[in-house]
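# Commentary on secondary and tertiary structure
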Amino acid sequence: MPGLYESLVTQSVVLGAQYALVAIGIVVLFRHTGIANFAQGEILALGGLAALEVQRAFAMSIGVQVALVVGVSLLGGAIGAVMYAVCHAPLRRAQDDLLVVVGTLAVALLLGNAFRFQYGSETHSVAPLLTDAVRFRGFAGPEIAVIALPVMLVVGWLALQRYTRAGRRLTAVAQNPVGATLCGIDVRVWFVVAWAVSSLVGALAGMLVGGLIGVRATVPLGYLIKGFIAAVFGGLTSVGGALVGGIALGAVDVFGGYYLPTAVRDIVGFALLISVLLMRPQGMFGRLTESRL
Amino acid sequence: MRVRRWLAGIAAAMLVTGALGACGGDDDDATADTNGSETTAAQEGEGGLPNGVGITDDEIRVGFHGPLTGPVSWVGLGARDGLELAFAEINADGGVNGRNLVLDVKDDEGSPATAGSIVREYVQGGDTAIVVSAGLSVPTVGGVVAARETGIPYFNLTAGDPKAHEPFAENVFHGMALQAPWTGRASVTYLVEKYDASRVGYMHSEDGFNTAMLDGVREGAEEIGDVEVVGVTTWKPGDTDFTAQALRMAEADPDVVMVATLLPEAAPVVKALRAAGVTAPLLISNGGTGESMLELSDDELGDGVLGTWFFSDYFSAESGPVADFMAAWTEEYGSGMEGRPNYVDVNGYVDGYTLAEAFGNMTEATPEALIAALEGISDFNPTGISARSYSSTKHFGGTGLNVLEVVDGSWKSTGDTLDLSFLE
């Protein structure tokens, strides 16, 4: 049995990686479209519930697991594309991003109630992709999967942006959509890509986290809020910052949960966020954007 | 134009005068009741019971509020479906004295303010015999307060928060909603006796019921003597990580642990406790006793866990009254919804029959007569699932909680019940 501090540190990383997964999905979309997706929690639930259904229908062989990862990725990407078509494209014509955000809230309510109606309120166990038999230092298989995904996403995303034409186009769209359009880039296509990638990350996260903590019909609001805090903490435009923000918040939650009453634990998290924003309004790793009048 | 205004003014004045006359009149054939409607002796239904508030020739109207949408919709939907199932069976059997029971359902969205408004709407409508509520404790208190103020008969199916039960009101009744401190006291007494425990761990969700249960746990421990409540730790409903709480419980080294939780957190908390090295026997509160614990059995974590339960059997029972209920429910609503039916469905069903019994025993169609009829119910258990007993001083109808245990991935009856004799 590991010691107290070892357990607390291990769990800080595990919980932090979960928050980071939520945060990365939020950051990818916000960085490239300026939209905060309030249905990100429901997309996580979708990934977990898809894994639950597959597990019920099939014995979990390696082949089924690979198919599950591919299937959940495609499902997440498709949902993102649909959300672009339903929320972003029509509502943005009104030239008000707030309308798009409200649109994502409507989707969240719709999906949340539908999932709750079908799956009830209990937490369902889902077999993890990596079992407890796999161990590395203090981490068990399901925890390793949850920690590895955000690290891989950050590395992959940074490589994509730096070394590929698609990544540079995405960055161009994020930095100056009008300028990108004038250069012949179809901004709408890259908006769809951003939505699809953000939702794909959410669905994959839901599947992996489900293997660790179980699957619920709706991801609790508090969990989503923690993801947003991690994103803001790291800087809403920095994928790497989302990872750091997630881990920091995980540590606050786990150590705070042990040493402080529950209500104070959350206050500490918010206090930390406010302190960071007072010193660096753009978050730890975000960039300030200049507006010229 | 001016003439029209005058005519409208005269008409309004006549209406007001007429209304005042009706309120202040001393007509022997009509008596104003607490809901502001009238009972007329000339109007009388089949069974000799005259028409009255919410009672017409053909039907008896029962109001209902509960969360039908949102995170705790399983409570509102469960109660609604259970009540409607019971009413459908009773109506198919001829109704109550020839009148059909009709449930008028409203969504309070889990909001105490909305719950209160709905109760007042029913009172103003004047066509509802009784209002039934289902919900978590805090929202239900909103409905109970409005019922106390207005005097309309009110039946609380689920809320165990002391604020929903106290102060005592003659028009407010409770089904199986055992007060939280009572549950806590009975549970700790049971655990101490069963395991000869002197250190009882208590960890709980910060919802109203499970927080209030701690008072009863402490009271029970003090009453028994030489029993310490240790490792008290909490989480918020919706939390997903319980490592810190589990580590604190492990450090407290309890002989037994009570896990007072809502359904979504039950399995993750047990998992965290076992991962933290807590090997003590676990008792899950009735709010957390559910299917998720059985899924944990796949990892050999669920077996041996105890759970308090409203009925003698769990849903998976192969025979008996709960199995009969399951068959009837599935025939009516199908089997596609996970987590349904739940214990609220069953409580709704049981108390649908309780209400029908009271309506059938009314001597007059007044709220006072309905209250008297409810208070006259004693050891009433037509479904065989759970008995109800009331009196003029006891408006909590439940008669006890049972203890189940996870055995080979199923909840099985231990045959044990929690001792509520301290209520007598």
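Computed from a predicted model, the values in this text were never measured in an experiment.

Here we come to the overall build of chain B. Tallying secondary structure elements over chain B gives 13 helices and 14 strands in all. Residues classed as buried in chain B amount to 57% of the 424 residues present. Considering only residue pairs separated by 6 or more positions, chain B has 67% of its internal contacts joining residues 24 or more positions apart. Put simply, chain B shows about 16,800 Å² of open surface, and 48% of that area lies on carbon and sulfur atoms.

What follows concerns the overall build of chain A. On a plain count of helices and strands, chain A comes out with eleven helices and two strands. At 19 Å, chain A has a C-alpha radius of gyration in line with the 19 Å of a compact globule built from 293 residues. Taking the principal axes of the C-alpha coordinates as reference, chain A spans close to 60 × 45 × 40 Å. When the 293 residues of chain A are sorted by exposure, 51% land in the buried category. Of the contacts made within chain A by residues no fewer than 6 positions apart, 76% connect residues no fewer than 24 positions apart. Total accessible area computed for chain A in this model is approximately 13,300 Å², and 70% of it derives from carbon and sulfur atoms.

Okay, the packing of helix α1 (residues 4-33) of chain A against helix α9 (residues 221-234) of chain A next. Residue and element names in this part refer to chain A. Contact geometry of α1 with α9 gives a least axis separation of 8 Å together with a crossing angle of 70°. For the element pair α1 / α9, the angle class is roughly perpendicular. Judged by the sense of rotation from one axis to the other, the crossing of α1 with α9 is right-handed. On α9, the residues touching Gln18, Tyr19, Val22, Ala23, Ile26 and Val27 of α1 are Tyr223, Leu224, Lys226, Gly227, Phe228, Ala230 and Ala231. Among the residues making up the contact of α1 with α9, the classes are represented as ten nonpolar, two polar and one charged.

Glancing now at the sheet that holds strand β5 (residues 130-133) of chain B. The strands making up a sheet associate through hydrogen bonds between their backbones, and the pairing can be parallel or antiparallel. Residues and elements named next belong to chain B. One open sheet holds the five strands; their spatial order is β4-β3-β5-β6-β7, and the pairing between them is parallel. Two strands lie at the open edges of the sheet, namely β4 (100-107) and β7 (172-174), each paired on one side alone. Here the strands of the sheet are splayed against their neighbours by 25° on average, with no regard to which way each runs. Along the sheet face, helix α4 (residues 137-150) touches β3 (59-66), β5, β6 (154-156) and β7 and points at about 160° away from the line of β6. Against the sheet, helix α13 (residues 367-375) contacts β5, β6 and β7, and its axis sits at roughly 30° relative to β7.

On to the sheet that holds strand β14 (residues 410-417) of chain B, then. Residue and element names in this part refer to chain B. Within the open sheet, the seven strands sit side by side as β9-β8-β10-β11-β12-β13-β14. Their pairing is mixed. Single-partner strands in this sheet number two, and they are β9 (228-235) and β14. Strand-to-strand twist of the sheet, defined as the mean angle between neighbouring strand axes without regard to direction, takes the value 25°. Looking at chain direction, strand β11 (residues 282-284) and strand β12 (residues 306-309) are connected through two bridges and run parallel. Residue Leu283 lies in a different strand from β12, and its bridge partner there is Leu306. Of the strands in this sheet, β8 (199-205), β9 and β10 (256-260) touch helix α7 (residues 208-224), which is tilted by about 165° from β8. Most of the contacts of helix α8 (residues 243-252) go to β9, to which it runs at about 175°, and overall it touches β8, β9 and β10.

So, on to helix α11 (residues 321-333) of chain B. All names here are of chain B. Taking 1.5 Å of rise per residue, 13 residues should cover 18 Å, and α11 covers 18 Å from first to last C-alpha, within 8% of that figure. Along α11, the positions that sit buried rather than exposed are Val322, Ala323, Phe325, Met326 and Trp329. Buried residues of α11, viewed axially, fall in a sector of 155°; they line one side. Seen from the buried face of α11, the exposed residues on the opposite side, beyond 90 degrees, are Asp324 and Glu331. Buried residues along α11 sit against α2 (73-92) and α12 (343-360). A positive backbone phi angle near 85° is found at Gly334, which sits one or two residues after α11.

At the interface, 35 residues of chain B touch 31 residues of chain A. Summing both sides of the interface, chain B and chain A together bury roughly 2,800 Å²; the carbon and sulfur share of this comes to 48%. In this structure, the connection of chain B to chain A is made through three salt bridges. As a salt-bridge pair, Arg265 of chain A and Asp239 of chain B come within 3.1 Å of each other at their nearest N and O atoms. Along the contact surface separating chain B from chain A lie eleven residue pairs in polar contact (both at pLDDT 80 or more). Mapped by element, the contributors of at least two residues to the side of chain B that touches chain A are α2, β9, α8, α9 (263-275) and α10 (291-296) of chain B. Residues of the side of chain B that touches chain A, tallied by class, amount to twelve nonpolar, twelve polar and eleven charged.

All names here are of chain B. A cis geometry characterises the amide bond from Glu166 onward to Pro167, with omega recorded as 0°. One non-glycine residue, Asp196, lies in positive phi territory at about 50°. Tracing the sequence through the fold places Asp196 in the loop between α6 (180-195) and β8. Here the phi dihedral of Asp226 falls at roughly 55°; this positive angle occurs in a residue that is not glycine. Tracing the backbone through its elements, the reader meets Asp226 in the loop between α7 and β9. According to the relative accessible area criterion, Asp226 is exposed, its value standing at 76%.

Residue and element names in this part refer to chain B. Among the eight residues of β9, six are classified as buried, and the element is accordingly described as predominantly covered. Relative to β9, β8 is paired through six bridges, and the arrangement is parallel. Looking at the pairing, Ser205 lines up with Trp235 of β9. Following the chain from β8 across α7 to the adjacent parallel β9, one finds a crossover that is right-handed.

Of all hydrophobic cores here, the largest spans 189 residues; its most connected members are Phe155, Val257, Met258, Leu273, Leu355 and Phe359 of chain B. In terms of residue count, the dominant contributor to this core is α1 of chain A (14 residues). Listed in part, the 15 residues of the second largest apolar core include Val119, Ile152, Tyr154 and Ala164 of chain B.

A few words now on the confidence of the model for chain B. All names here are of chain B. Looking at chain B, pLDDT values average 85 and 86% of them are 70 or higher. Confidence drops under a pLDDT of 50 for residues 1-47, and excluding neighbours within four residues, the segment shows 46 contacts in the predicted structure. Among the scores for the predicted complex, ipTM is 0.76 and pTM is 0.75.

Cut-offs applied
- Residues numbered from 1 in each chain as written.
- Chains lettered and ligands numbered in written order.
- Predicted model: local features only at pLDDT ≥ 70, side-chain atom pairs only at ≥ 80, totals over all residues.
- Heavy atoms only, no water.
- Helix = DSSP H or I, 4+ residues; strand = E, 2+ residues; numbered from the N terminus.
- Buried < 20%, exposed > 50% of the residue type's maximum accessible area, 1.4 Å probe, protein only.
- Contact = heavy atoms within 4.5 Å.
- Areas by Shrake-Rupley, 256 points an atom, 1.4 Å probe, with all protein chains shown as cover.
- Rg over C-alpha atoms; globule rule 2.2 N^0.38 Å.
- Axes fitted to C-alpha atoms, helices over the stretch in contact; angles between N-to-C directions.
- Parallel < 35°, antiparallel > 145°, perpendicular 65-115°, else oblique.
- Left-handed = near helix turned anticlockwise from the far one by under 90°.
- Nonpolar A, V, L, I, M, F, W, Y, C, P; charged D, E, K, R; others polar.
- Pairing = 2+ DSSP bridges.
- Expected span 1.5 Å × (residues − 1).
- Arc of directions from axis to C-beta.
- Buried area = accessible area lost by both parts, 1.4 Å probe.
- Salt bridge = Lys/Arg side-chain N within 4 Å of Asp/Glu carboxyl O.
- Polar contact = N/O pair within 3.5 Å; in protein donor to acceptor, adjacent residues only side chain to side chain.
- Right-handed = clockwise from strand over helix to strand, strands pointing away.
- Core = buried A, V, L, I, M, F, W, Y, C linked by side-chain atoms within 4.5 Å.
- pLDDT = per-residue confidence, 0-100.

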